Amino acid sequence: MTQISESDLASAREGDDAAFTRLVEPLRPELHAHCYRMLGSVHDADDALQDALLRAWKGLARFEGRSSLRSWLYTVATRTCLDTVASRGRRALPVDLGPASEQAVTGDAPRTDVAWLGPYPDTALAEGTLGPQSAYEQREAVELAFVAACQHLPGNQRAALLLFEVLGFSAAEIAEVMRTSTASVNSALQRARKIVAEKVPDVTQQRTLRSLGDARVREIVTGYTTALERGDADALLALLTEDVTWSMPPLPHWYRGLGPVTDFATRVPLGSCGSWRHLPTSANGQPAVGAYLWDDALGRHAGWSITVLALRGERITELTTFIGAEHLAAFGLPASLD
């Protein structure tokens, strides 16, 4: 855990903003990831963390030191996120909106009335573990399936689950954070665990990736990007599980199974989109690629999406393509490729 400078703490309490920055900067990555888990959006996490740190700065004189500064900052960040959840609701993926489509939907229009879940760049994650009491690793705690499952929880259940299971807070500490009783926290935890267990695979992506090894994961990602760039449907389908899913927020339609996914792949990304190029990256603790589509007006490949891959064994079992050039910037990827 980060050691807190008592001299910086004393100076910050007296209004030294540079001292306050030195105190919170080492904790910023993990606090940002917590805000993302709560809110499902990098941009919302940016805003929430900025707001939380401003609240902490203004309220530092009230920090009595009965808990660690880290715990106190998590308290402030969680309450800030709960305010956001109350005003904006939850974020969704296409699979939350309705059943899978049996065949390709061409001309699918983006849904602008839905707050969509977004990807999280692994470069924003803090190194190491979350703490001795945590049941999750850093990357497990931002896996797409887990964050998406948390979005199905009311704000209080979401906060209780994340504080207890991910960050290792006790039920009594969570009760203080949420200004409620320990009994209420335990009840919220019980309900939250049941919902999340129904939606999250038994085997985490981290376990799968470790069993495959980095070299094999790179081969699978390269096989996927090469198949798209060559328009090779057979090579693409050979990489997929029988029950593969493919969704593309903000487009509402999604596909499950080799038949519908094959129809979609051959008619849309392999059939009508044009020339693709890709750059490898990592999102939500999972392999991912930045996708670029040829743009005649630019005379180059323009940023199009971030696709996050979920693997089962040596095959891809889920593709989530977050459409929008704005996603690439958060991953440090260029806006276009020559």
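Quick note: structure is the one above.
Structural notes, computed from the coordinates. (Residues numbered from 1 in each chain as written. Predicted model: local features only at pLDDT ≥ 70, side-chain atom pairs only at ≥ 80, totals over all residues. Heavy atoms only, no water.)

This part is about the side chain of Ser305. In this structure, Ser305 sits in strand E5 (residues 300-312). The class for Ser305 is buried, based on a relative accessible area of 1%. Ignoring any residue separated from it by four or fewer positions in sequence, one finds Ser305 in contact with Val289, Gly290, Ala291, Thr321, Phe322, Ile323, Gly324 and Leu328. (Helix = DSSP H or I, 4+ residues; strand = E, 2+ residues; numbered from the N terminus. Buried < 20%, exposed > 50% of the residue type's maximum accessible area, 1.4 Å probe, protein only. Contact = heavy atoms within 4.5 Å.)

Cis geometry marks the peptide bond from Pro249 to Pro250; its omega dihedral reads 15°. With respect to the helices, strands and loops of the structure, Pro250 is situated in the loop between strand E1 (240-247) and strand E2 (254-256). With a phi close to 55°, Arg179 is a non-glycine residue in the positive phi region. We note that Asn284 has phi near 55°; this positive angle belongs to a residue other than glycine. If you trace the backbone, Asn284 turns up in the loop between strand E3 (276-283) and strand E4 (286-295). A relative accessible area of 0% places Asn284 in the buried class.

Now for the pairing of E5. Strand residues, when the strand is regular, have side chains that alternate between the two faces of the sheet. Burial analysis of E5 places 10 of its 13 residues in the buried class, which makes it a mostly covered element. Of the strand pairs in this sheet, E4 and E5 are connected by eight bridges, and their pairing is antiparallel. Looking across to E5, one finds that Ala288 is bridged to Val308. In sequence, E4 turns back onto E5 through a hairpin of four residues, with Gly299 there showing a positive phi of about 75°. Pairing of E5 with strand E7 (residues 336-337) involves two bridges; the strand directions are antiparallel. Note that in E7 the partner of Ala302 across the bridge is Ser336. (Pairing = 2+ DSSP bridges.)

This part takes up the packing of helix H3 (residues 28-39) against helix H4 (residues 42-59). In a packed pair of helices, the relevant descriptors are the angle between the two axes and the axis-to-axis distance. At a closest axis distance of 8 Å, the pairing of H3 and H4 adopts a crossing angle of 125°. The pairing of H3 with H4 is recorded here as oblique in orientation. Two packed elements cross with a definite hand, and for H3 against H4 that hand is right-handed. Of H4, the residues touching H3 (which contributes Arg28, Leu31, His32, Cys35, Tyr36 and Leu39) are Val42, Asp44, Ala45, Asp46, Ala48, Leu49 and Leu53. Grouping the constituent residues of the contact of H3 with H4 by class yields nine nonpolar, one polar and three charged. (Axes fitted to C-alpha atoms, helices over the stretch in contact; angles between N-to-C directions. Parallel < 35°, antiparallel > 145°, perpendicular 65-115°, else oblique. Left-handed = near helix turned anticlockwise from the far one by under 90°. Nonpolar A, V, L, I, M, F, W, Y, C, P; charged D, E, K, R; others polar.)

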